[in-house]
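Structure at a glance
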Amino acid sequence: MREKTIWRSLAGRALMIVLGNLMYAMAVNLFIVPNDLITGGTTGLALFFNRTAGIPVSAFVWCFNVTMFLWGAWVLGKEFALSTAASTVIYPLMLSILEWTGVPGFVMEEKLVAVLYAGLLIGAGIGVVMRAGASTGGMDIPALIGKKKWNFNVSFVIYLFDCIILALQVAAADLYSILYGILLIMVYTLVLDKVLVMGTAKIQVKIVSREYEKINRLLGERIDCGTTLLHMESGYLHQEQEMVLAVISSRDLPKVNQLILDTDPEAFIVVSQINEVRGRGFTLNKVYRSHGAAGEKD
């Protein structure tokens, strides 16, 4: 049974890596190349050499990715190689297939529309690959090597490379293209951030009320969420009491607000969004105590 679960997990991760790289390749073939957009990373370098030397995008990506992979495997070790090998092959393979099949791209009258679609596909694609626990390789590898060898900041190095690659492409493009290129990088960065936290973001609610015991019980009974009681002291009157802390899904927030206000209209409520929660009830199954008070969970 355990082996079957492991194989399902591996199959799911493999499917995510293939899907993510396919989305990235589609962004390049359907929107970036037909609309003469520029971008950063390995794809940006490939576009530069395609427009200046006529080298096919997929051919350059194949050579560059394999070279970077071998360099990274030599410097960063086997663990890095295992996590990066898939994207090193799959992304250029997807580009080659789309080029070979001659899938027509979308030439937009307004390039801004192409920028938005390309940014959505690239950000979502990279995000899916990263959520599968894999690396996209390419220009990430020199940045990781710089981190290991000279303790360079990875994000700074990647952004520096992106700026250099954008500047290279200015020679083969007009001034407006670099503005679209900067916007494209911003769009896929924002989308990437959203994809990485999608499904893991939760709402944290802190409740200060004289009716904390009743609110604590009702949250367990009606919302089916775990709670924590935090001992606190008010700042002005220095009164000691308990504060209820709960982590809930965003769809439960209106119900929780109503439950609290029905119990104590004067309750003080602090609501904040958190990106990820791990532990019992979230990444581990809930355990209900049959001998405990109603709504008491681990």
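Residues numbered from 1 in each chain as written. Predicted model: local features only at pLDDT ≥ 70, side-chain atom pairs only at ≥ 80, totals over all residues. Heavy atoms only, no water.

Tracing the backbone through its elements, the reader meets Arg 251 in the loop between β3 (240-248) and α10 (253-263). A residue is classified by how much of its surface remains accessible, and Arg 251, at 71% relative accessible area, is exposed. As a C-alpha pair, Arg 251 and Lys 202 span 49 residues in sequence and 9.7 Å in three-dimensional space. (Helix = DSSP H or I, 4+ residues; strand = E, 2+ residues; numbered from the N terminus. Buried < 20%, exposed > 50% of the residue type's maximum accessible area, 1.4 Å probe, protein only.)

Between its first and last C-alpha atoms helix α9 (residues 212-223) spans 15 Å; for 12 residues at 1.5 Å apiece the expected length is 16 Å, and the two agree. Residues of α9 that are buried include every one of Tyr 212, Ile 215, Leu 218, Leu 219, Gly 220 and Ile 223, and no others. Buried residues in α9 make contact with β1 (202-208), β2 (227-233), β3 and α10. Positive phi shows up at Asp 224, right after α9, with a value of about 60 degrees. (Expected span 1.5 Å × (residues − 1). Contact = heavy atoms within 4.5 Å.)

Pairing between side chains becomes possible if they bear opposite charge and their charged atoms approach one another. In total, this model carries one salt bridge according to the counting rule given. In this structure, Arg 217 engages Glu 221 in a salt bridge whose closest nitrogen and oxygen atoms are separated by 3.4 Å. Here Arg 217 pairs with Glu 221, and both are found in helix α9, just four residues apart, close to one helical turn. Classification of Arg 217 by relative accessible area gives partly exposed; the value is 35%. Look at Glu 221 and you get partly exposed, because its relative accessible area is 41%. (Salt bridge = Lys/Arg side-chain N within 4 Å of Asp/Glu carboxyl O.)

Further remarks concern the pairing of β1. With respect to burial, β1 is a largely interior element, five of its seven residues being buried. Examined bridge by bridge, β1 and strand β4 (residues 268-274) share seven bridges and lie antiparallel to one another. Residue pairing for β4: Lys 206 is matched across the bridge by Val 270. Here β1 pairs with β3 via six bridges, running antiparallel. Each residue of the ladder has a partner; that of Gln 204, found in β3, is Val 247. (Pairing = 2+ DSSP bridges.)

This part covers the sheet that holds β1. What links the strands of a sheet is backbone hydrogen bonding, and the strands pair in either a parallel or an antiparallel sense. If you trace the four strands from one edge of the open sheet to the other, you get β2-β3-β1-β4, paired in antiparallel fashion. Every interior strand has two partners, whereas the edge strands, β2 and β4, have only one. Taking each pair of neighbouring strands and ignoring which way they run, the sheet shows an average axis angle of 25 degrees. (Axes fitted to C-alpha atoms, helices over the stretch in contact; angles between N-to-C directions.)

On to the UniProt feature "transmembrane region" (unreviewed entry) in the protein. Following the UniProt record, the feature "transmembrane region" (unreviewed entry) maps to residues 12-33, 53-73, 80-100, 112-130, 150-172 and 178-197 here. The span residues 53-73 is 86% helical and 0% strand by assignment, and the distance between its end C-alpha atoms comes to 29 Å. Along residues 178-197 one finds 100% helix and 0% strand; the C-alpha atoms at either end are 29 Å apart. (UniProt positions renumbered as here; feature names shortened; annotations may be inferred.)

Counting residues in each nonpolar core, the largest one holds 49 residues, and the members touching the most others are Val 28, Ile 32, Val 57, Tyr 91, Leu 95 and Ile 122. Of all the secondary structure elements, the ones that give two or more residues to this core are α1 (2-32), α2 (41-53), α3 (57-76), α4 (78-101), α5 (111-131), α6 (140-150), α7 (154-170) and α8 (175-197). Here this core takes nine residues from α1, the largest share from any one element. Not counting residues up to four positions away in its chain, the partners in contact with Leu 95 are Ala 25, Val 28, Asn 29, Val 57, Ser 58 and Val 61. (Core = buried A, V, L, I, M, F, W, Y, C linked by side-chain atoms within 4.5 Å.)

A cluster of nonpolar side chains, Phe 156, Leu 160, Ile 164 and Leu 168, forms an exposed patch at the surface whose accessible area comes to about 370 Å². Among the structural elements, Leu 160 can be located in helix α7. Leu 160 gets classed as partly exposed once you look at its relative accessible area, which sits at 40%. (Patch = residues over 30% accessible without salt bridge, like charges linked within 9 Å, V, L, I, M, F, W, Y side chains within 5 Å. Areas by Shrake-Rupley, 256 points an atom, 1.4 Å probe, with all protein chains shown as cover.)

Right, let's talk about the environment of His 231 for a bit. As for its position among the elements, His 231 is in strand β2. Considering only alpha carbons, one finds His 231 and Val 244, 13 residues apart in sequence, at a separation of 9.0 Å. Apart from the residues within four sequence positions on either side, His 231 is in contact with Glu 240, Gln 241 and Glu 242. Only 3.3 Å separates the side chain of His 231 from the side chain of Glu 240, close enough to count as a polar contact. At a separation of 2.9 Å, a polar atom in the side chain of His 231 contacts the side chain of Glu 242. (Polar contact = N/O pair within 3.5 Å; in protein donor to acceptor, adjacent residues only side chain to side chain.)

On to the packing of α9 against α10, then. Contact geometry of α9 with α10 gives a least axis separation of 10 Å together with a crossing angle of 145 degrees. Once α9 is placed against α10, the crossing between them reads as right-handed. Contacts between α9 and α10 involve Lys 214, Ile 215, Leu 218, Leu 219, Arg 222 and Ile 223 from the former and Lys 255, Val 256, Leu 259, Ile 260 and Thr 263 from the latter. Counted by class, the contact of α9 with α10 contains seven nonpolar, one polar and three charged residues. (Left-handed = near helix turned anticlockwise from the far one by under 90°. Nonpolar A, V, L, I, M, F, W, Y, C, P; charged D, E, K, R; others polar.)

Counted under the stated rule, the structure contains six aromatic pairs. With a centroid separation of 5.5 Å and an interplanar angle of 20 degrees, the aromatic rings of Phe 31 and Phe 106 are classed as stacked. With Phe 31 in helix α1 and Phe 106 in the loop between α4 and α5, the pair connects residues that are 75 residues apart, well separated along the chain. For Phe 31, a relative accessible area of 6% puts it in the buried group. Taken together, a centroid distance of 5.1 Å and an interplanar angle of 75 degrees make the contact between Phe 48 and Phe 49 edge-to-face. Taking relative accessible area as the criterion, Phe 48 reaches 15% and is therefore assigned buried. (Phe/Tyr/Trp six-rings, centres within 6.5 Å; stacked < 30°, edge-to-face > 60°.)

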